[in-house]
Amino acid sequence: GENVEQHPSTLSVQEGDSAVIKCTYSDSASNYFPWYKQELGKRPQLIIDIRSNVGEKKDQRIAVTLNKTAKHFSLHITETQPEDSAVYFCAASRGGTASKLTFGTGTRLQVTL
Amino acid sequence: NAGVMQNPRHLVRRRGQEARLRCSPMKGHSHVYWYRQLPEEGLKFMVYLQKENIIDESGMPKERFSAEFPKEGPSILRIQQVVRGDSAAYFCASSPPAGVETQYFGPGTRLLVL
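A short tour of the structure in this document, coming up. (Residues numbered from 1 in each chain as written. Chains lettered and ligands numbered in written order. Predicted model: local features only at pLDDT ≥ 70, side-chain atom pairs only at ≥ 80, totals over all residues. Heavy atoms only, no water.)

1. Structural notes on the overall build of chain B
- Helices and strands together make up the secondary structure of chain B, namely zero helices and eleven strands.
- For chain B, the α and β elements follow one another from N to C terminus as β-β-β-β-β-β-β-β-β-β-β.
- In terms of overall dimensions, chain B is globule-like: its C-alpha atoms have a radius of gyration of 13 Å, near the 13 Å expected for 114 residues.
- Its C-alpha atoms put chain B at 40 × 25 × 25 Å along the principal axes.
- A total of 114 residues make up chain B; the buried ones form 46% of that total.
- Here the contacts in chain B between residues at least 6 apart in sequence split such that 52% fall between residues at least 24 apart.
- One finds the centroid of the 16 positive side-chain charges in chain B at a distance of 8 Å from the centroid of its 11 negative side-chain charges. (Helix = DSSP H or I, 4+ residues; strand = E, 2+ residues; numbered from the N terminus. Rg over C-alpha atoms; globule rule 2.2 N^0.38 Å. Buried < 20%, exposed > 50% of the residue type's maximum accessible area, 1.4 Å probe, protein only. Contact = heavy atoms within 4.5 Å. Lys, Arg positive; Asp, Glu negative; His and termini not counted. Charge placed at Lys NZ, Arg CZ, Asp CG, Glu CD.)

2. Here we look at the sheet that holds strand β8 (residues 72–77) of chain A
Residues and elements named next belong to chain A.
- Read across the sheet, five strands follow the order β1-β3-β8-β7-β6 without closing on themselves; strand pairing throughout is antiparallel. At either end of the open sheet lies a strand with only one pairing partner, and these are β1 (4–7) and β6 (56–59). The sheet shows a mean angle of 15 degrees between the axes of neighbouring strands, direction not considered.
- Taken together, the four bridges between β1 and strand β3 (residues 19–25) define a ladder with antiparallel strand orientation. Within the sheet, the bridge partner assigned to Val4 lies in β3 and is Tyr25. (Pairing = 2+ DSSP bridges. Axes fitted to C-alpha atoms, helices over the stretch in contact; angles between N-to-C directions.)

3. Some words on the sheet that holds strand β8 (residues 75–79) of chain B
Residues and elements named next belong to chain B.
- Overall, antiparallel pairing links the four strands, which are arranged β1-β3-β8-β7 in an open sheet. In this open sheet, the two strands that pair with only one neighbour each are β1 (5–7) and β7 (65–68). With strand direction ignored, the average angle separating the axes of adjacent strands in the sheet is 15 degrees.
- Note: β1 against strand β3 (residues 19–24), three bridges, orientation antiparallel. Bridge pairing links Met5 to Ser24 in β3.

4. Digging into the layout of surface pockets
- The volume enclosed by the largest pocket comes to roughly 540 Å³.
- Lining the largest pocket are 26 residues, and of these A:Gln38, A:Leu40, A:Val87, A:Arg108 and B:Glu40 sit closest to its centre.
- Of all the secondary-structure elements, those providing two or more residues to the lining of the largest pocket are β9 (86–92) and β11 (107–112) of chain A together with β9 (88–95) of chain B.
- The element contributing the most residues to the lining of the largest pocket is β11(A), with four residues.
- In the lining of the largest pocket, the residues fall into ten nonpolar, ten polar and six charged.
- Estimated volume of the second largest pocket: approximately 390 Å³.
- For the second largest pocket, the lining is made up of 19 residues, of which A:Gly1, A:Glu2, A:Lys100, A:Leu101 and A:Thr102 are closest to its centre.
- By residue number, the principal contributor to the lining of the second largest pocket is strand β5 (residues 43–50) of chain B, which donates three residues.
- When its residues are assigned to classes, the lining of the second largest pocket shows seven nonpolar, six polar and six charged. (1 Å grid on protein atoms, 1.4 Å probe; cavity = no way out; pocket = protein on both sides within 12 Å on 5 of 7 lines; lining within 4 Å. Points joined across faces, edges and corners; volume = space filled by probe spheres on them. Nonpolar A, V, L, I, M, F, W, Y, C, P; charged D, E, K, R; others polar.)

Here you go:
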């Protein structure tokens, strides 16, 4: 089955700096890669996703890049703000009727003033 | 448009009791997924259902756990004879009909087994 690895497990950045979180996956048939943000005690919230026919996607301060050959995808947050502090999870799925998500272990991002 | 609803939000059970968790998908969504999150860990897939059908239950323990999504009403995850190791947050997610992979999560049910 699919295995998703995520690094780093914790990340501390100063407000205004950039943050990068990296994930690798093992199943070459995976073609959908969402990122979720989870605040303490809250539900995971989808912040951005990318499909395998696209190499990069951007939404304001958030961008995701995908390298299918290397089975690697990354989340980039620019101009970080204190409200970006949360746990971020990457995930992968094959899509269609096999669309269960396999999640990474999470990155705890702390944005300091 | 209401999001994914789950109830109860918190559930306390003693060992050996049954836990019943409910999930109502977003309006127009016909696919439901259940995930379990242990403290300080990521989410683990348990089961994927469509109305009246279990599509994939590969992540669900064979014993004590069952799930259904009837024609009418919410999806239900049932845990019989709970043990302390079942203590976790259980999230359900829903997605639109086939072809759209995006999953939206409910607020979760936090199960504590005493």
